[in-house]
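Remarks on the overall topology
Residue-level listing of the chains:
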Amino acid sequence: MKLVFVVGPTASGKSALALHLAEKFSGAIVNCDSIQIYKRVNIGAAKPSTEDLVRVPHFLYDLVDYPEEITAGSYRKMFFEKIKELESVFPLVFVVGGTGFYFQAIEKGMYSVGAADATTKQQVLEELAEPDGPSRLYEELRSKDPVSASRISIRDHYRLGRAIEIIRAHNKTILEIQNEFQDQQKPFPYPLLKLGMNVDKETLLIQVKDRVKKMLKLGFVSEVKSLLEEVNETWAPMLSVGYKEVVQFLKNDGIKKELDL
């Protein structure tokens, strides 16, 4: 069996390409997106449609439910267990998603650092919830780990929080941990091809706007409103791009009343 990584920015057409190729070559699709692996979050996660699931077998979607959360390390374990099951079934497996850290975990392994303690995690979550919390945490990240700061958006609260947790819990930057790990890396166990989506910025912006409009028409705001009745807003998927913005929108009572939400 051979693996194909399909990578690229949000709304660049990764899923459509993977679906087309998997159907053409009798392959399967395996999720490598940190949000699509969760249950309950659907519209904002841009999960495969019912029609897509009929066309091609999909794996590692809708597996983790509230209040559980998944790390890159636990995802990596799930990934290789699933790939082992698929080895004799599909000639090609297309791995598609928007989480670069997960792709890295699959291909290069994971450095052996434990998760942050509960106190550190809670402290970071509380700071993220403060009005100026994300900006203060981002400045902390820039001062202590500028390399990671250059790769993480201040709006990506989930990855920002995880990076700060690692620094505070282990007193090391992510790059330092990666460098320590390099000597332990093992060769990737399968033939691997990487396909990258190359979309110019102007076109990509149009596609992102079109996707957001489609999500809103499908009921994205209502989905988040219903979720908030059952899950905590600090649950990992609710901190992801898209969901956290709608959460903030719903917190604005004036806008809620105006739109009769």
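Check the entry above for the structure.
Residues numbered from 1 in each chain as written. Predicted model: local features only at pLDDT ≥ 70, side-chain atom pairs only at ≥ 80, totals over all residues. Heavy atoms only, no water.

Secondary structure summary: the protein contains 13 helices and five strands in total. A globule of 261 residues ought to have a C-alpha radius of gyration of about 18 Å, and the protein, at 19 Å, matches this closely. Across the 261 residues that make up the protein, the buried fraction comes to 41%. Of the roughly 14,500 Å² of accessible surface on the protein, 53% is carried by carbon and sulfur atoms. Each charge class in the protein was averaged separately, 35 positive and 36 negative side chains, and the resulting centres sit 4 Å apart. (Helix = DSSP H or I, 4+ residues; strand = E, 2+ residues; numbered from the N terminus. Rg over C-alpha atoms; globule rule 2.2 N^0.38 Å. Buried < 20%, exposed > 50% of the residue type's maximum accessible area, 1.4 Å probe, protein only. Areas by Shrake-Rupley, 256 points an atom, 1.4 Å probe, with all protein chains shown as cover. Lys, Arg positive; Asp, Glu negative; His and termini not counted. Charge placed at Lys NZ, Arg CZ, Asp CG, Glu CD.)

Attention now moves to the environment of Glu-127. Tracing the sequence through the fold places Glu-127 in helix H5 (residues 118-129). Residue classification places Glu-127 among the buried residues on the basis of a relative accessible area of 11%. Between the alpha carbons of Glu-127 and Leu-137 there is a distance of 7.8 Å; along the sequence they are 10 residues apart. Not counting residues within four places of it along the chain, the set of residues in contact with Glu-127 comprises Gly-133, Pro-134, Arg-136, Leu-137 and Arg-168. (Contact = heavy atoms within 4.5 Å.)

Turning next to helix H11 (residues 220-228). Taken residue by residue, H11 has Phe-220, Val-221, Glu-223, Val-224 and Leu-227 as its buried positions. What you see down the axis of H11 is that its buried residues fit within an arc of 160°, all on one side. Buried residues along H11 sit in contact with helix H10 (201-218) and helix H12 (243-251). (Arc of directions from axis to C-beta.)

With respect to burial, strand S4 (residues 92-96) is a largely interior element, five of its five residues being buried. Of the two faces of S4, the one carrying Leu-92, Phe-94 and Val-96 and the one carrying Val-93 and Val-95 are both buried. Sheet analysis places strand S1 (residues 2-7) next to S4, joined by five bridges and oriented parallel. If you follow Val-4 over to S4, its bridge partner there is Phe-94. Relative to S4, strand S2 (residues 28-31) runs parallel, the two being bridged by four bridges. Among the inter-strand pairings, Ala-28 is bridged to a residue of S4, identified as Val-93. (Pairing = 2+ DSSP bridges.)

Time to look at the side chain of Ser-12. Here Ser-12 shows up in the loop between S1 and helix H1 (14-24). A residue is classified by how much of its surface remains accessible, and Ser-12, at 7% relative accessible area, is buried. For Ser-12, the side chain forms a polar contact with the main-chain oxygen of Pro-9, separated by 2.6 Å. Other than its neighbours up to four places away in sequence, Ser-12 contacts Met-197, Val-199, Leu-204 and Gln-207. (Polar contact = N/O pair within 3.5 Å; in protein donor to acceptor, adjacent residues only side chain to side chain.)

What follows covers the nonpolar core. Ranked by internal contacts, the top residues of the largest apolar core, which has 43 residues, are Tyr-75, Phe-79 and Ile-106. Of all elements in the fold, only S1, S2, helix H3 (72-86), S4, helix H4 (100-108), H11 and H12 reach the threshold of two or more residues within this core. A total of six residues in this core trace back to one element, the largest contributor, which is H3. With residues up to four places along the chain from it excluded, the contact list for Phe-79 reads Leu-3, Val-30, Leu-60, Val-95 and Ile-106. One finds Leu-137, Ala-149, Ile-166 and Ile-177 within the second-largest nonpolar core, a separate group that totals 14 residues. (Core = buried A, V, L, I, M, F, W, Y, C linked by side-chain atoms within 4.5 Å.)

Residues spaced three or four apart along an α-helix face the same direction, because each turn holds 3.6 residues. With 15 residues, H3 should cover 21 Å at 1.5 Å per step; its first-to-last C-alpha distance of 21 Å lies within 8% of that length. Elements that come into contact with the buried residues of H3 comprise S1, S2, strand S3 (58-59), S4 and H4. (Expected span 1.5 Å × (residues − 1).)

What follows deals with the packing of aromatic side chains. In this description, a pair of aromatic rings is defined by centroid distance and the angle of the planes. According to the stated counting rule, one finds 11 aromatic pairs in the structure shown. Ring geometry for Phe-5 against Phe-188: centres 6.1 Å apart, planes inclined by 80°, an arrangement best described as edge-to-face. In this pair, Phe-5 is assigned in strand S1 and Phe-188 in the loop between helix H9 (174-182) and strand S5 (192-196), connecting sequence segments 183 residues apart. The same class applies to Phe-5 and to Phe-188, which are both buried. With a centroid separation of 6.3 Å and 55° between ring planes, the pair formed by Phe-80 and Phe-188 is classed as tilted. Placement of the pair is Phe-80 in helix H3 and Phe-188 in the loop between H9 and S5, with a sequence separation of 108 residues. (Phe/Tyr/Trp six-rings, centres within 6.5 Å; stacked < 30°, edge-to-face > 60°.)

Summed over all chains, the structure comprises 20 salt bridges. With its nearest N and O atoms 2.4 Å apart, the salt bridge here joins Arg-40 to Glu-230. Highlighted residues: Arg-40 in the loop between S2 and helix H2 (50-55) and Glu-230 in the loop between H11 and H12, separated in sequence by 190 residues. When its relative accessible area of 31% is taken as the criterion, Arg-40 is described as partly exposed. The closest approach of N and O atoms between Glu-245 and Lys-244, which form a salt bridge, is 3.2 Å. Judged by relative accessible area, which is 36%, Glu-245 ranks as partly exposed. The exposure class assigned to Lys-244 is buried, which follows from its relative accessible area of 7%. (Salt bridge = Lys/Arg side-chain N within 4 Å of Asp/Glu carboxyl O.)

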